[in-house]
Amino acid sequence: MIRVVVADDQALLRGSFRVLVDSEPDLEVVGEAATGSEAVALAMKARPDVVLMDVRMPEMDGIEATRRIRDICRVLVVTMFDLDSYVYDALRAGASGFLLKDTPPVDLLAAIRVVASGEALLAPKVTRRLIEEFTRSPAVPRVKGLDGVTDREREVLTLIARGLSNNEIAAHLQVSLATVKTHITRLLAKVEARDRAQLVIAAYESGLVSAAG
């Protein structure tokens, strides 16, 4: 059973998300939060697998709330604001995915399962937007450098940052899917990243990829 917390300042949306999530046999809502502060407190108490996190909430926004609980659970940011800075800030804060509130219900449910499994939800469109935002407003790097990363691992990291899936990377490099997964596991350890989203951030902040690349 995947345990979910819904954090949104609109009661109607929280209720809608609860009904949707609870309709699935493998998903369960274990709490609701109307503010960022409540989301943090609830995550610390309930220890859910995934938090559906709104961006704009009273007391504390969803970005800061994500930053405070990223080591406790996975965060899937769900917002109506399709703005570059939100994508970048959410992923830098530790979110494992980013969706808009007009996402079809079946895709939202699938996203919860993907994030709960330890993967990151990064569509190519979001990846391109993230690169563009980083180019406009470069931040001080916070990731471990790429020292010790092999040439092939750099190749894999570059393809991840460009939005390719594991299957697409395997086809591009003409290697097996298992080999790609092994490279990704080693990359996660070497750059001290938790998931694919953080690998993308590492690729941008290290200068391995850019908007032009």
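Everything below is about the structure printed above this text.
In this text, all values refer to a predicted model and were calculated from it rather than measured experimentally. (Residues numbered from 1 in each chain as written. Predicted model: local features only at pLDDT ≥ 70, side-chain atom pairs only at ≥ 80, totals over all residues. Heavy atoms only, no water.)

S.K.: Looking at this structure, I do not really get the overall build of the protein chain. What am I missing?
M.R.: Each helix and strand counted, the protein chain has ten helices and five strands in total. The buried share of the protein chain, reckoned over its 213 residues, is 48%. Within the protein chain, contacts between residues at least 6 apart in sequence are counted, and of these 65% link residues at least 24 apart. When the accessible surface of the protein chain is totalled, it reaches about 9,800 Å², and 52% of it is carbon and sulfur. (Helix = DSSP H or I, 4+ residues; strand = E, 2+ residues; numbered from the N terminus. Buried < 20%, exposed > 50% of the residue type's maximum accessible area, 1.4 Å probe, protein only. Contact = heavy atoms within 4.5 Å. Areas by Shrake-Rupley, 256 points an atom, 1.4 Å probe, with all protein chains shown as cover.)

S.K.: Could you clarify how one ought to interpret the pattern of salt bridges in this entry?
M.R.: Pairing of side chains with opposite charge becomes possible as their charged atoms draw close. This model, assessed by the stated rule, comprises eleven salt bridges. One salt bridge connects E32 with R14, and the closest N-O pair in it is separated by 3.2 Å. Residue E32 is found in strand β2 (residues 27–33), and its partner R14 is found in helix α1 (residues 11–22); the two are separated by 18 residues along the sequence. For E32, a relative accessible area of 31% puts it in the partly exposed group. Ionic contacts of the salt-bridge type, sharing partners, join the residues R14, R18, D22 and E32 into one network. (Salt bridge = Lys/Arg side-chain N within 4 Å of Asp/Glu carboxyl O.)

S.K.: Help me understand the pairing of β2, please; the structure alone is not making it clear to me.
M.R.: Residues in a regular strand project their side chains so that they alternate between the two faces of the sheet. Looking at chain direction, strand β1 (residues 2–7) and β2 are connected through six bridges and run parallel. Residue pairing in the sheet places R3 in a bridge with E28 of β2. Between the parallel pair β1 and β2, the chain is carried across by α1, and the sense of this crossover is right-handed. (Pairing = 2+ DSSP bridges. Right-handed = clockwise from strand over helix to strand, strands pointing away.)

S.K.: I tried to follow the packing of helix α8 (residues 166–173) against helix α9 (residues 177–190) on my own but got confused; where do I start?
M.R.: For any two helices packed against each other, one specifies the inter-axial angle together with the distance between the axes. It is the contact of α8 with α9, at a shortest axis distance of 9 Å, that shows an interaxial angle of 110 degrees. In terms of axis orientation, α8 runs roughly perpendicular to α9. Taking contact as the criterion, the partners of N166, N167, I169 and A170 in α8 are, on α9, L177, V180, K181 and I184. Each residue belonging to the contact of α8 with α9 can be placed in one class, and the counts come to five nonpolar, two polar and one charged. (Axes fitted to C-alpha atoms, helices over the stretch in contact; angles between N-to-C directions. Parallel < 35°, antiparallel > 145°, perpendicular 65-115°, else oblique. Nonpolar A, V, L, I, M, F, W, Y, C, P; charged D, E, K, R; others polar.)

S.K.: What should I look at first to understand the packing of helix α7 (residues 151–161) against helix α10 (residues 196–205) in this one?
M.R.: The contact between α7 and α10 brings their axes to 9 Å, and the two run at 105 degrees. The angle between the axes of α7 and α10 places the two elements in the roughly perpendicular class. Facing L157, I160 and A161 of α7, the residues of α10 in contact are R196, L199, V200, A203 and Y204. For the contact of α7 with α10, a count of residues per class yields seven nonpolar, no polar and one charged.

S.K.: Can you help me understand the sheet that holds β1 in this one?
M.R.: By way of backbone hydrogen bonds, the strands of a sheet pair with one another, either parallel or antiparallel. Strand order across the open sheet formed by five strands is β2-β1-β3-β4-β5, with parallel pairing between neighbours. A single partner strand is all that each edge strand has here, and the edge strands are β2 and β5 (97–100). On average, each strand axis in the sheet is tilted by 25 degrees relative to the strand beside it, whichever way the strands run. With respect to the sheet, α1 is in contact with β1, β2, β3 (50–53) and β4 (74–79), its orientation differing from that of β2 by roughly 165 degrees. Running over the sheet, helix α3 (residues 62–69) touches β3 and β4 and is turned about 165 degrees from β3.

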